[in-house]
Amino acid sequence: MITRSNLAEQLREYQIRSKHDWASVSFFSSTSNLTSSRVDVVIFVIWELVIIAFLVFSAVSLYYRHLRLAFILVCITLLLLLCIKITKQVRLARKKRRRMLLPLSM
């Protein structure tokens, strides 16, 4: 049987679980209010490491005067940054939608 105390307890647990802020997820973004699970953090850290690697490789290719390779690597890096931004916005929209589905009549 669902009672008011059970609903209040579930809401409290949900708020505690969703309260963790991870600084590494917001390394490349201006907003740091993204609440994520550990899996999300690991995925975004891996993406950030890949982006940094592409930037380093493009700098090395510029040093060795391979302009086409450097340009291609910079373009790939920009596409990855764009994908990360879109992914963050989609995840935030899903989380906002899920929060709106919580019972408000407590």
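Conventions adopted
Residues numbered from 1 in each chain as written. Predicted model: local features only at pLDDT ≥ 70, side-chain atom pairs only at ≥ 80, totals over all residues. Heavy atoms only, no water. Helix = DSSP H or I, 4+ residues; strand = E, 2+ residues; numbered from the N terminus. Buried < 20%, exposed > 50% of the residue type's maximum accessible area, 1.4 Å probe, protein only. Contact = heavy atoms within 4.5 Å. Areas by Shrake-Rupley, 256 points an atom, 1.4 Å probe, with all protein chains shown as cover. UniProt positions renumbered as here; feature names shortened; annotations may be inferred. Phe/Tyr/Trp six-rings, centres within 6.5 Å; stacked < 30°, edge-to-face > 60°. Lys NZ or Arg CZ within 6 Å of the ring centre and 35° of its normal. Patch = residues over 30% accessible without salt bridge, like charges linked within 9 Å, V, L, I, M, F, W, Y side chains within 5 Å. Salt bridge = Lys/Arg side-chain N within 4 Å of Asp/Glu carboxyl O. Lys, Arg positive; Asp, Glu negative; His and termini not counted. Charge placed at Lys NZ, Arg CZ, Asp CG, Glu CD.

Draft legend 1. Summary view of the overall build of the chain. When its secondary structure is counted, the chain shows 3 helices and 0 strands. Listing each helix as α and each strand as β along the chain from the N terminus yields α-α-α. The proportion of buried residues among the 106 residues of the chain is 19%. Nonlocal contacts in the chain, meaning residues at least 24 apart in sequence, comprise 51% of its contacts between residues at least 6 apart. For the chain, the accessible surface area stands at approximately 8,500 Å², while carbon and sulfur atoms represent 68% of it.

Draft legend 2. Fine view of the UniProt feature "transmembrane region" (unreviewed entry) in the chain. Residues annotated by UniProt as "transmembrane region" (unreviewed entry) correspond here to residues 41–63 and 69–87. With 100% helix and 0% strand, residues 41–63 has end C-alpha atoms that lie 33 Å from one another. Helix makes up 100% of residues 69–87 and strand makes up 0%, while its end C-alpha atoms are separated by 27 Å.

Draft legend 3. Inspection of the packing of aromatic side chains at higher detail. As enumerated under the stated definition, the model contains 1 aromatic pair in all. Seen from their ring centres, Tyr 63 and Tyr 64 are 5.1 Å apart, and the 80° between their planes marks the pair as edge-to-face. Classification of Tyr 64 as exposed rests on a relative accessible area of 55%. Over the ring of Phe 44 we find Lys 88; its NZ or CZ atom is 5.5 Å from the centre of that ring.

Draft legend 4. Layout of a nonpolar patch on the surface. A cluster of nonpolar side chains, contributed by Leu 49, Ile 52, Val 56, Phe 57, Val 60, Tyr 63 and Tyr 64, occupies part of the molecular surface with about 760 Å² of accessible area. Relative to the assigned elements, Phe 57 resides in helix H2 (residues 38–63). What makes Phe 57 exposed here is its relative accessible area of 52%.

Draft legend 5. Geometry of a positive patch on the surface. Together, Arg 94, Lys 96, Arg 97, Arg 98 and Arg 99 make up a region of like positive charge exposed at the surface. Take Arg 98: it is sitting in helix H3 (residues 67–100).

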